[in-house]
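Residue-level structure breakdown
Here are the chains, one letter per residue:
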2 protein chains.
Amino acid sequence: MAQKGDLMTTRSDIRVLDATIRDGGLVNNFMFSDEFISALYRANVKAGIDYMEFGYKASKELFDVNKFGKWKFCNEEDIRAVVGDNNSDLKISIMADVGRCDYRHDITDRSESVIDMVRVATYVHQMPTAIEMIEDAKSKGYEVTCNIMAISNAQEGDVKQALKMVGESSADGIYIVDSYGALYPEQIRRITELYMEYADEYGKYIGIHAHNNQQLAFANTIEAATNGASFLDATMMSMGRGAGNCATELLLGFLKNPKFNIFPVLKFIQDYMLPLKESGALWGYDIPYLLTGQLNQHPSAAIDYTNEKKTDYAEFYTDLLDK
Amino acid sequence: MAQKGDLMTTRSDIRVLDATIRDGGLVNNFMFSDEFISALYRANVKAGIDYMEFGYKASKELFDVNKFGKWKFCNEEDIRAVVGDNNSDLKISIMADVGRCDYRHDITDRSESVIDMVRVATYVHQMPTAIEMIEDAKSKGYEVTCNIMAISNAQEGDVKQALKMVGESSADGIYIVDSYGALYPEQIRRITELYMEYADEYGKYIGIHAHNNQQLAFANTIEAATNGASFLDATMMSMGRGAGNCATELLLGFLKNPKFNIFPVLKFIQDYMLPLKESGALWGYDIPYLLTGQLNQHPSAAIDYTNEKKTDYAEFYTDLLDK
C-alpha cells in the first residue's frame, strides 16, 4: 500500500482520541479528582482533540462501585456534571468490555445520552459477544468501534475471521490494539495493511491503540497512520497501564493540522499530570515493561515488579523466560 | 529501496556500537569510576557488542584535563588499564571531533595502539577538515567513519556534497546522526535511502546515531537498519546527552543474531546504571527535550531547564518559539 499523507500536509480523516481517564484509570483505579477531569475536558477542547474517552461502562454487579472511582462506570449524570450538554466540537466516548459490561441495561439510547461513541473491547475469541454489543450500541444510535485486543498473541487466521465479522457488522471502525507493547513498526505496517483491506472492503475506518513497553507507542501510532489508520489513541504524558500509551504531546507535535494545539496539553501536564505522578501513580516506560514487551507477554508481572520497586532486572528476565 | 532483512533472520553486516562512555560522558563530564568502565567492558564482551567507544580524543590544549574525566581524552595507557591487549572480539573506537582534537599528534599509529576505529565527528560546514582527519587516521591504519552531525538542520544540497566528499575519501563508513532528536522514522527512511546511494556507489557502510527527544531513538535506529544501515549506536539505559540515545537493552531485544545476549546488559544496568542515576547523573526522555526535538533545536536549553528541575513546560515552549 502506498503511504497515506506526508509530513507537510494534513489529512482530514485523522482523529485523535484522548484515553487518559480510561487507560490511565487502570493505574489508579479511576480515582481522579473532579477538578482533574474538568481540567482535562477543557484542555482537550482547547487542544483540538476530537474524542475524549471518559472511562468504562463496567458492570456494577461484577465490580464494587465503592472500590473504584466513578469513571470505571461512567454514569450519565457523572459525565454531564463535567461537560453539561457538551457544547463543543469534542465527542465523548466510553469503552465497553466484553464480559464485563451490562450493556443492554447500562448503555441507554443515544437520544438520552451525552455520549457519542461506544468502543467495544474484545479478545479474538469473544467475537460473537462483541458483535452483539456492537449491534446493540449501533441500534441505540451510537458511533461504534470494535477494539480487538492483544493481537500480538492471536493467530493471524483468527484475526482475519474477526475482521470479517466486524466488517459485516454495523461497526464504524476497527482498532488495532497492541496490548502487550510487543509489536515493532514493520509489524504494525503489515497489520495496518491487513486491517485496511477489510476497512476498504467494508467501508470502515481503522484506529490504533499502542503501548509503550519498547518505547514504540508513538512510533507505532504514526506508522499506522502513515499506512492508513485514522483514529489515533493518545494519553496525557503517556498515562496508561504499565508502560503507558502514545503521549498526546508527542502526537500533536507530529500532526500538522492547525486545529491541534499543544499549548493547553503542556499546561495540563504541568498543572495536573506532574502532581498525579508525585502523588504515587506509577506508569511509564521502564525495563520490566520492556522485557514483557520483548517476550510478548501480558504486562501484569512487570506491573507487580515495578510497584514493588524491585530492580533485579536480570532475575526478573529469567523468571519471565520460565513462564 | 527494498527492505533489507526481516524480523525472522539475521544480517551478517549488522554491528552494534556501545557509545555509553562517549555520549554518556557528556552528561557527567566523563567522571566514571574505573570499576564502572571495567564492568562495562566485560558486559559488552559478554553481550556480543561489536564495538565499544571509550570516549573522545579531545585536545589537551583546548580542554583542561583536571576538569574532565579521563575518557574525554582517551590516553592509550588508560584504555589499556581496562582492556589489556583486548583479547576479545570486541573492537575499540574513539571519537575525534573536528576542531577539538590534536589528531596528528594525539592519534598514534595503530600498530602502537589498542584502538581499532576512529570516528570523525563533523558538521557539514567542516568537511574539509574532516576529510584531512579521515585520511590521517586511515594512513595510520585505523578503520574510520565520518559522523556528520545535526543533519536535521543542514541543507540537503550540502549533505549531498558532504556525502560525495566522504565517498571519495578513504573512510570506511558514514554515519547518519540525528543530534537534535528531531527526525521522524519516515525522514530517517528517506535519509537512509540517500546515504545508501552513496554507500553503494563508493563501497562504504552506513551507520545511525539517534537521540531520544521524541522517544524515537530506537524506532529510528531499526528503521535505518531496515533500510540498509548496518552500524547501530546504542547506550546502556539510553545514557547520552539530553534525552539520550537508543537503549542497548531495546536494540538487543530486536536483533535476532544469537551472538547477542541481553542478560549481561540487564545485570550491568541494575548494578551500575541505576546507582549512576541515583548519584544525580541526569539524562533521558523528558518534555523539555521533546519540545526542542519537535522544534528542531539544539537540546542545550532543555538540558539547562531540566538540570534546574523546572517544570513550567508551557513557558519553556513559548520561550523556544521566540528563539
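Let me sum up the structure you'll find in this document. Predicted, not measured: the structure shown is a model, and the values here were computed from it. (Residues numbered from 1 in each chain as written. Chains lettered and ligands numbered in written order. Predicted model: local features only at pLDDT ≥ 70, side-chain atom pairs only at ≥ 80, totals over all residues. Heavy atoms only, no water.)

Considering the packing of aromatic side chains
On inspection of all chains with the given rule, the structure shows 28 aromatic pairs over all chains. Ring centres of F68 of chain A and F73 of chain A lie 6.5 Å apart, and the angle between their planes is 75°; on these two criteria the pair is classed as edge-to-face. Accessibility expressed as a relative area gives 21% for F68 of chain A, which makes it partly exposed. Residues F268 of chain A and Y272 of chain A carry aromatic rings whose centres are separated by 5.1 Å and whose planes lie at 20° to one another, so their mutual orientation is stacked. Of the two residues, F268 of chain A and Y272 of chain A both sit in helix 10 (residues 263–278), four residues apart, roughly one turn of that helix. Joined through ring pairs, the aromatic side chains of F32, F36, F268 and Y272 of chain A make up one cluster. It is K72 of chain A that lies over the ring of F63 of chain A; its NZ or CZ is 4.1 Å from the centre. The positively charged end of K277 of chain B is found above the aromatic ring belonging to W283 of chain B, 4.5 Å away from the centroid. (Phe/Tyr/Trp six-rings, centres within 6.5 Å; stacked < 30°, edge-to-face > 60°. Buried < 20%, exposed > 50% of the residue type's maximum accessible area, 1.4 Å probe, protein only. Helix = DSSP H or I, 4+ residues; strand = E, 2+ residues; numbered from the N terminus. Lys NZ or Arg CZ within 6 Å of the ring centre and 35° of its normal.)

Details of the side chain of K204 of chain B
Residues and elements named next belong to chain B. Mapped onto the elements, K204 comes out in the loop between helix 7 (185–202) and strand 7 (205–209). Although K204 is buried, it forms no salt bridge, and the closest oppositely charged side chain is D172 at an N-O distance of 6.7 Å. Within the local environment of K204, its side chain forms a polar contact with the backbone oxygen of A171, the two atoms lying 2.7 Å apart. If we skip the residues at most four places from it in the chain, K204 touches V166, G167, S169, S170, A171, D172, G173, I174 and A199. (Lys, Arg positive; Asp, Glu negative; His and termini not counted. Salt bridge = Lys/Arg side-chain N within 4 Å of Asp/Glu carboxyl O. Polar contact = N/O pair within 3.5 Å; in protein donor to acceptor, adjacent residues only side chain to side chain. Contact = heavy atoms within 4.5 Å.)

Concerning unusual backbone geometry
The general pattern is negative phi for most residues beyond glycine and trans for most peptide bonds. All names here are of chain A. Positioned with a positive phi, C74 is a non-glycine residue whose angle comes to about 50°. Along the chain, C74 turns up in the loop between strand 2 (51–56) and helix 3 (76–83). Here C74 falls in the buried class, since its relative accessible area comes to 0%. The phi torsion at M237 lies on the positive side, around 55°, for a residue other than glycine. Mapped onto the elements of the fold, M237 is located in the loop between strand 8 (231–234) and helix 9 (248–254). Here M237 falls in the buried class, since its relative accessible area comes to 16%.

Regarding the interface of chain B and chain A
Listed as interface residues are 40 residues of chain B and, on the opposing side, 40 residues of chain A. Both faces considered, chain B and chain A share a buried interface measuring about 3,500 Å² in area, 64% of it formed by carbon and sulfur atoms. Interface area lost by chain B to chain A is led by Y184, E186 and Q215 of chain B, which between them contribute 16%. Connecting chain B to chain A are zero salt bridges. Taken together, the elements giving at least two residues each to the side of chain B that touches chain A come down to helix 7, helix 8 (217–226), helix 9 (248–254), helix 10 (263–278), helix 11 (287–294) and helix 13 (313–321) of chain B. (Buried area = accessible area lost by both parts, 1.4 Å probe.)

Examining the packing of helix 5 (residues 127–139) of chain B against helix 6 (residues 156–168) of chain B
Residue and element names in this part refer to chain B. Remark: helix 5 packs on helix 6, axes separated minimally by 10 Å, with the N-to-C direction vectors making an angle of 20°. In terms of orientation, helix 5 lies roughly parallel with respect to helix 6. The crossing of helix 5 and helix 6 is right-handed. For the pair helix 5 and helix 6, contact is made by M127, P128 and I131 and by A162, M165 and V166, respectively. Across the contact of helix 5 with helix 6, the residue classes break down as six nonpolar, no polar and no charged. (Axes fitted to C-alpha atoms, helices over the stretch in contact; angles between N-to-C directions. Parallel < 35°, antiparallel > 145°, perpendicular 65-115°, else oblique. Left-handed = near helix turned anticlockwise from the far one by under 90°. Nonpolar A, V, L, I, M, F, W, Y, C, P; charged D, E, K, R; others polar.)

Observations regarding the sheet that holds strand 4 (residues 117–122) of chain B
All names here are of chain B. Overall, parallel pairing links the eight strands, which are arranged 1-2-3-4-5-6-7-8 in a closed barrel. Across this sheet, the average inter-strand angle for adjacent strands is 25°, counted without regard to direction. As paired strands, strand 6 (residues 173–177) and strand 7 are joined by five bridges and run parallel to one another. The residue bridging V177 from the neighbouring strand is H209, located in strand 7. Along the sheet, helix 6 contacts strand 5 (143–148) and strand 6; its crossing angle with strand 5, the most-contacted strand, is approximately 175°. Across the sheet, helix 7 is in contact with strand 5, strand 6 and strand 7; its angle to strand 6 comes to roughly 165°. (Pairing = 2+ DSSP bridges.)

Here's the deal with the relation of the copies chain B and chain A
Under the fitted operation, chain B is carried onto chain A by 0.0 Å of movement along the axis and a turn of 180°, and the coordinates agree to an RMSD of 0.0 Å. Taken together, these values place the two copies in the relation of a two-fold axis. With an isologous cut-off of 70% or more, the 100% of interface residues of chain B that recur at the interface of chain A puts this contact in the isologous class. (Least-squares fit on C-alpha atoms with pLDDT ≥ 70 in both.)

Quick notes on empty space enclosed by the protein
Residue and element names in this part refer to chain B. On inspection of all chains with the given rule, the structure shows three cavities of 30 Å³ or more. A volume near 230 Å³ is recorded for the largest cavity. What lines the largest cavity is a set of 19 residues, and nearest its centre among them are D6, T9, R11, F254 and L255. No other element matches helix 8, which puts three residues into the lining of the largest cavity. (1 Å grid on protein atoms, 1.4 Å probe; cavity = no way out; pocket = protein on both sides within 12 Å on 5 of 7 lines; lining within 4 Å. Points joined across faces, edges and corners; volume = space filled by probe spheres on them.)

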